[in-house]
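Chain and residue survey
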Amino acid sequence: MTLFLRNARLIDPEQQTDLIGDLLIKDGVIAEVGENLRAPSDAEIIDCAGKCLAPGIIDIGVKVCEPGERHKESYKTAGLAAAAGGVTTMVTRPDTTPPIDNPETLEFVLRRANEAAPVNVVPMAALTKGRDGREMTEIGFLMDAGAVAFSDCDSVISETKAFSRALTYARSLGALVIAHPQEPGLSKGAAATSGKFASLRGLPTVSPMAERMGLDRDMALVEMTGVKYHADQITTARALPALERAKANGFDVTAGTSIHHLTLNEMDVADYRTFFKVKPPLRSEDDRLEIIDAVKSGLIDIVCSMHTPQDEESKRLPFEEAAAGAVALETLLPAAMRLYHAEQLTLPELFRAMALNPAKRLGLAGGRLSVGAPADLVLFDADAPFVMDRFKLQSKSKNTPFDGQRMQGKVLATYVAGQAVYRRD
C-alpha cells in the first residue's frame, strides 16, 4: 500500500524542525519526506490541511492488567486507548498479578498483545522474582523471549547487595534496568509531598529528599557496575543535580518523568480528589517548573503517561487509603499540548521526549520522520478544544485527573506501519 500525506505540519524531533511538507509511505515505511513532493499515481492521497504530523508516541511504562486483573485493563482496551491517543508503541510494565518474571508469563502476554492490540507492544520484565527484591530473574532467557528492559517498577529494592548483583548480571548481558528512585523507608505509606499544604490536610507525606536519596544510591551502584540505567520518574528539583553529575561523568544513564508531574501540582489534591493520587505524589509548583526546564534542556530524556488503571472501588476511598495511579494513554497528548500552548516546550521538543528518545533508549526503529523509519505516525490538531469526559475514554478504568477539564489537542489519525489503526469520526 502507498499512502501520500499532503500539506502536513511535519514535526521532526531529530532535526528539531516544524515545517509544512509532504510524506510518502510505501510498504509500511517512510519512503520520502519533504516539501512539494509529487504523489505517485498509485498512492492514496490524504490532505492533512496543515495539521500536525509527528512520529507516533512510544510510551514507556504502560500498565496493562493482564494477567490477573483484566477488569481494570486488557490488551484490547489498552491498545484501543493507545491508538486513540496517538501512541503507536506501548512499553508495558511487569507489575501485574502475577508479575511478569519468567519467560512463560512473558510469552503469554506477548501472545495476548499480538492478538488484541492494534499498536506495537514491547514488554519489560521484572528484575527480581515476584518483584520482592531478593532473587534476580532469568534475565538472559527473558531477553530471548522479548523483554526490552528490566524493572521492579515502584517496588524499590531495599537490599542493596541483591540490587548490585542484579545490576552486575544485567551489565554482563547488556540489559537496560529501569528503576524507581525513592528511599523506600521514607516514602512508605506516603500520600502527598511534605509541606504546609499537605500538613493542613492531615495527609501522610514524603520529603522530596527521598527521591534524591534513592537516586544517589542508584548512581553509586551504576558507577560500581557500569549498567545501563533509566530512572522511570524524576519529579523533584533536588534530584536533578545528581542526574546531571551522572551524565557529566559519562554513566549510561537516562531519566524520565510523567505527564502528570509536568502538568499538575500538589494543590490539585485540595479536595482529597483521589484521581490526583499518583506515585510519586504530585509535587510543588516550583518542582513542576524545574522538571519542565529539565525536559527542555534534555537533562530529562523521556516523557511518558505512566498509565496505571485502577477500578472505582480502589479509588472511591479516603485519600490515604486509595490506590495510586491514573490512566493516561489518551490524555498524554492533549496534556502535553498544555506545555506547548504555554510556550514552555515546542512540539519538536515534546516529540523528542515522547517518541525519539524512548526509541533510542530501547533500540527501536521508530520515533523518527526519516526515510526508512517505520510509518508509525500520529496526525493531530494541536489547537482543537474539548472538555475531557472520562466516560468516553477507551480504557476500561476511567481514573483520569483531567475529567471535566478544558483541554486542547485532538488526535485525528494514528498509523502503525502505514495502516490506520485510528481515525477520528
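Structure's up top.
All residue numbers here refer to positions counted from 1 along the written sequence of the relevant chain. For this predicted model, a pLDDT threshold of at least 70 governs which residues receive local features, and a threshold of 80 or more governs which side-chain atom pairs are given and counted, while totals over whole chains, interfaces and linings are taken from all residues. Heavy atoms from the whole structure form the basis of all side-chain values; hydrogens and water molecules are not counted.

With respect to a nonpolar patch on the surface
Together, Met-143, Tyr-169 and Leu-173 make up an exposed nonpolar region whose accessible area comes to about 240 Å². We call a residue buried when its accessible area falls under 20% of the maximum for its residue type, exposed when it is over 50%, and partly exposed in between, using a 1.4 Å probe and counting protein chains only. Residue classification places Leu-173 among the partly exposed residues on the basis of a relative accessible area of 34%. Patch definition: residues with relative accessible area over 30% and no salt bridge; like charges joined within 9 Å; nonpolar side chains (Val, Leu, Ile, Met, Phe, Trp, Tyr) joined within 5 Å. Areas reported here follow the Shrake-Rupley algorithm with a probe of radius 1.4 Å; residue values treat only the protein chains shown as occluding. We define a salt bridge as a side-chain nitrogen of Lys or Arg found within 4 Å of a carboxyl oxygen belonging to Asp or Glu.

Remarks on the packing of helix H7 (residues 209-225) against helix H8 (residues 240-248)
For helices, the fitted line uses only the C-alpha atoms of the stretch in contact; every axis is such a line through C-alpha atoms, and the angle between N-to-C directions lies from 0 to 180 degrees. To qualify as a helix, a DSSP run of H or I must reach at least 4 residues; to qualify as a strand, a run of E must reach at least 2; elements of each kind are numbered from the N terminus. For the pair H7 and H8, interaxial distance at closest approach is 9 Å and the crossing angle is 15°. Between H7 and H8, the crossing angle belongs to the class labelled roughly parallel. Every pair of crossing elements has a handedness; the one defined by H7 and H8 is left-handed. Across the interface between the two elements, Leu-215, Asp-216 and Met-219 of H7 pack against Ala-242, Leu-243, Arg-245 and Ala-246 of H8. Split by residue class, the contact of H7 with H8 holds five nonpolar, no polar and two charged. Our angle categories are set so that under 35 degrees counts as roughly parallel, over 145 as roughly antiparallel, 65 to 115 as roughly perpendicular, and the remainder as oblique. Helix crossings fall into two classes, left-handed where the near helix is turned counterclockwise from the far one by less than a right angle and right-handed where it is turned clockwise. The criterion used for residue contact is that any of the two residues' heavy atoms lie within 4.5 Å. Here the term charged refers only to Asp, Glu, Lys and Arg, the term nonpolar to Ala, Val, Leu, Ile, Met, Phe, Trp, Tyr, Cys and Pro, and the term polar to all other amino acids, Gly among them.

Regarding empty space enclosed by the protein
Here a cavity denotes grid points, spaced 1 Å and computed from the protein atoms alone, that fit a 1.4 Å probe unable to get out, and a pocket denotes an open set having protein on both sides within 12 Å along at least 5 of 7 lines; residues with an atom within 4 Å of a point are the lining. Grid points are joined across faces, edges and corners, and a volume is the space filled by probe spheres set on the points. Under the definition given, this model contains two cavities of 30 Å³ or more. Of the volumes computed, that of the largest cavity is approximately 90 Å³. Taken together, 14 residues make up the lining of the largest cavity; nearest its centre are Ser-155, Ile-157, Phe-163, Ala-179 and His-180. At the level of secondary structure, the elements contributing two or more residues to the lining of the largest cavity comprise strand E10 (176-179) and H7. Estimates place the volume of the second largest cavity at around 70 Å³. In terms of lining, the second largest cavity is formed by 13 residues, of which the most central are Ala-192, Thr-193, Glu-266, Val-269 and Leu-282.

Describing the nonpolar core
Grouped burial of nonpolar side chains is what soluble globular proteins tend to show. By size, the foremost hydrophobic cluster in this structure holds 99 residues, and its most contacted members are Phe-351 and Phe-380. Aside from chain neighbours lying at most four places away, what touches Phe-380 is Lys-51, Cys-52, Ala-54, Leu-333, Met-337, Leu-347, Phe-351, Lys-410, Val-411 and Leu-412. Buried Ala, Val, Leu, Ile, Met, Phe, Trp, Tyr and Cys residues that are joined via side-chain atoms within 4.5 Å together make up what is termed a nonpolar core. Core analysis: the next-biggest nonpolar cluster, separate from the first, contains 17 residues, Leu-5, Ala-8, Cys-48 and Leu-53 among them.

Here we look at the packing of aromatic side chains
In this analysis, rings of Phe, Tyr and Trp, with Trp reduced to its six-membered ring, are considered paired at centre separations within 6.5 Å, and the interplanar angle assigns stacked below 30 degrees, edge-to-face beyond 60, and tilted for intermediate values. Taken as a whole and assessed by the stated rule, the structure comprises one aromatic pair. Each ring, one from Phe-351 and one from Phe-380, has its centre 5.6 Å from the other, and the planes form 25°; the classification is stacked. Here Phe-351, found in helix H13 (residues 347-362), pairs with Phe-380, found in strand E16 (residues 377-387); they are 29 residues apart in sequence, far enough to count as distant. The pair Phe-351 / Phe-380 is uniform in exposure class, with both members buried. The side chain of Lys-277 reaches across the aromatic face of Phe-319, ending 5.9 Å from its centre. A positively charged side chain is recorded as over a ring if its NZ (Lys) or CZ (Arg) lies within 6 Å of the ring centre. The angle to the ring normal must also be within 35 degrees.

Quick look at the state of the cysteines
The term disulfide is used for any two cysteine sulfur atoms that are within 2.5 Å. Scanning all chains against the criterion turns up zero disulfides. Note on Cys-48: no disulfide assigned, nearest cysteine sulfur contributed by Cys-52 at a separation of 10 Å. Here Cys-304 stays free of any disulfide, with the sulfur of Cys-153 as its closest cysteine sulfur at 11 Å.

As for the pairing of strand E14 (residues 253-258)
Within E14, six of the six residues are buried, leaving the element largely enclosed by the surrounding structure. In short, DSSP must find at least two bridges between two strands for them to pair. Sheet analysis places strand E13 (residues 228-231) next to E14, joined by three bridges and oriented parallel. Following the sheet pairing, Ala-231 is matched in E14 by Ala-255. For the segment spanning E13, H8 and E14, crossover handedness is right-handed. The pairing of E14 with strand E15 (residues 302-304) spans three bridges and is parallel. Here is how to tell: hold the view so the strands point away, follow the path from the first strand over the helix to the second, and if it runs clockwise the crossover is right-handed.

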